[in-house]
Amino acid sequence: MIVHGHINQTPVQVVLDSSGTRFDDSSRLVRARRMREHAREYGQYAVSDGFMIRVSRQRGLSLAAQLEGLLPKHSGLVFIALSRQQVYLALLHKGLVYTEEMRSREEAEQALQAESGQAIVVETVERSGFAEACRGKELALSTAHAWHYQPMWRALLRQGLPHPAHLLGLLAPLLLLALGLNLQQHRAQWASNNKAVEQQFAALRAATLQRQHPADARRQILFWAEYLHGLRAYRAQGLEAATWNGKTVNLKGGLAQAGIQRLQAIARGRGEKLQLHTDGWEIEHELTAPGQGSGPQHEPVDLADWLARSEPRLRLADAHLQLGTSSAGSGYTRYQLNLKIPRGAAPVFSLLAELLDAIPSSVESINIRYERALPMTATLELTLWGI
């Protein structure tokens, strides 16, 4: 994920999805090999100081790599204001960044109050108005190209660490000469192999498409959060439960707090059919998120890695995630996840939507229980495609 902002009035594009570690081996060959192995699993772009390596699948500025160099022993949260609306938040443990995320200023100040003893607020021009009661810390943050994610071979080359691509660069002229001398001899053989190669590529493309799945959950949850804002009138009429399965929404309420005429007027104004029972009222109608089922296609994610990155945000919402059933597919596993939240308010759903950004997943059902017009327990059932 890439977010836009400023650091001391310099525009930046900060990458949030990264994985970092440190190798203290004395041998450059060993360090380079272990760094390449780390990159093969987590991304092709890297930032390194020769011992620390942080990799990503996207290009942009790495604040995490800088914090690891500037705060080698810090454990706790670090806040960096990037604009009047957004604050970058990183969680460090013994100098290593474990999570990165963006928060609104209000959410960031709430997190700062909860962690004030171990938190650092970085002093930047953009900090004006944020956490003014907290003393800021001067850090030499940089927007230089050296702190941007770049191809792995180039990141290692800057630190004098070996990479197979370096040798390839030296051998390329000789290889081109050899290929030129043998081109005529092998032209006929290449032509005969073209059909087989095309068939192999076609099979590879088909297998790739079979692994890809739409990332619908984020759009569905944001759509549901917006829908919840429109339920205020029903909440005042004794709403007790709201359920959505992605296609149909069902609202139920009691009659003790309801006015029949007022209920009927609300339903008429919304174009919904009100059903009255001896023990309460009920409304059911179709509700589908725009573009549902046509979200961007993504490869399965590493479930363990995603759960580790999501855990701090789930902890902030006091949410509990349980792994349900799973079934294997062609190159992926389809997981059923059950998520329980003690407060089903719209802002909580907006926070959950951030966890599912660019994740191949979909919402199967959402259920919210109301007490005295307040959204209490919420339960979500999700499908996630992982490896």
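Refer to the structure printed above.
These notes cover the structure that comes with them. Nothing here was measured: the structure is a model prediction, and the numbers come from that model.

Spatially, the four strands line up as an open sheet ordered β3-β5-β4-β10, and their pairing is antiparallel. The two strands at the open ends of the sheet, each matched to only one other strand, are β3 (18-22) and β10 (150-151). In this structure, β3 lies alongside strand β5 (residues 52-56), joined through five bridges in antiparallel fashion. Each bridged residue has a counterpart across the sheet, and for Ser 18 the counterpart in β5 is Ser 56. Sheet strands in contact with helix α1 (residues 28-42) are β3, β4 (45-48) and β5, and its direction is about 20° off that of β5. Against the sheet, helix α2 (residues 63-70) engages β4 and β5, with an angle of about 165° to β5.

Time to look at the nonpolar core. In a soluble, globular protein the nonpolar side chains are often hidden away together inside. In terms of nonpolar packing, the biggest core is built from 48 residues, with Trp 224, Leu 231, Tyr 234, Leu 251, Trp 281 and Phe 349 touching the most fellow members. Apart from the residues within four sequence positions on either side, Leu 231 is in contact with Leu 239, Ala 242, Leu 251, Arg 270 and Tyr 370.

What follows deals with the packing of helix α6 (residues 217-229) against helix α10 (residues 346-355). Two elements in contact, α6 and α10, have axes separated by 9 Å at closest approach and are oriented at 170°. It follows from the interaxial angle that α6 and α10 lie roughly antiparallel. For the pair formed by α6 and α10, the contact residues are Arg 218, Ile 221, Leu 222, Trp 224, Ala 225, Leu 228 and His 229 on the first element and Ala 346, Phe 349, Ser 350 and Ala 353 on the second. By residue class, the composition of the contact of α6 with α10 is eight nonpolar, two polar and one charged.

The next subject is the pairing of strand β6 (residues 76-81). Counting buried positions along β6 gives six out of six residues, so the element sits mostly inside the fold. As paired strands, β6 and strand β7 (residues 86-93) are joined by six bridges and run antiparallel to one another. For Phe 79, the partnering residue across the bridge sits in β7 and is Leu 89. Where β6 folds back on β7, the antiparallel hairpin that results is connected by four residues.

A word on the environment of Leu 307. Its place among the elements puts Leu 307 in helix α9 (residues 303-316). Sequence spacing of Leu 307 and Leu 321 is 14 residues, and the spatial spacing of their C-alpha atoms is 9.1 Å.

The next point concerns unusual backbone geometry. Positive phi values are uncommon outside glycine, yet Gln 9 reaches one of about 70°. Of note, Gln 9 is situated in the loop between β1 (2-7) and β2 (10-15). Residues other than glycine seldom take positive phi values, yet Ala 373 does so here, at roughly 70°. Position of Ala 373 among the secondary structure elements: in the loop between β19 (361-371) and β20 (374-386). Accessibility expressed as a relative area gives 21% for Ala 373, which makes it partly exposed.

Calculation notes
Residues numbered from 1 in each chain as written. Predicted model: local features only at pLDDT ≥ 70, side-chain atom pairs only at ≥ 80, totals over all residues. Heavy atoms only, no water. Pairing = 2+ DSSP bridges. Helix = DSSP H or I, 4+ residues; strand = E, 2+ residues; numbered from the N terminus. Contact = heavy atoms within 4.5 Å. Axes fitted to C-alpha atoms, helices over the stretch in contact; angles between N-to-C directions. Core = buried A, V, L, I, M, F, W, Y, C linked by side-chain atoms within 4.5 Å. Buried < 20%, exposed > 50% of the residue type's maximum accessible area, 1.4 Å probe, protein only. Parallel < 35°, antiparallel > 145°, perpendicular 65-115°, else oblique. Nonpolar A, V, L, I, M, F, W, Y, C, P; charged D, E, K, R; others polar.

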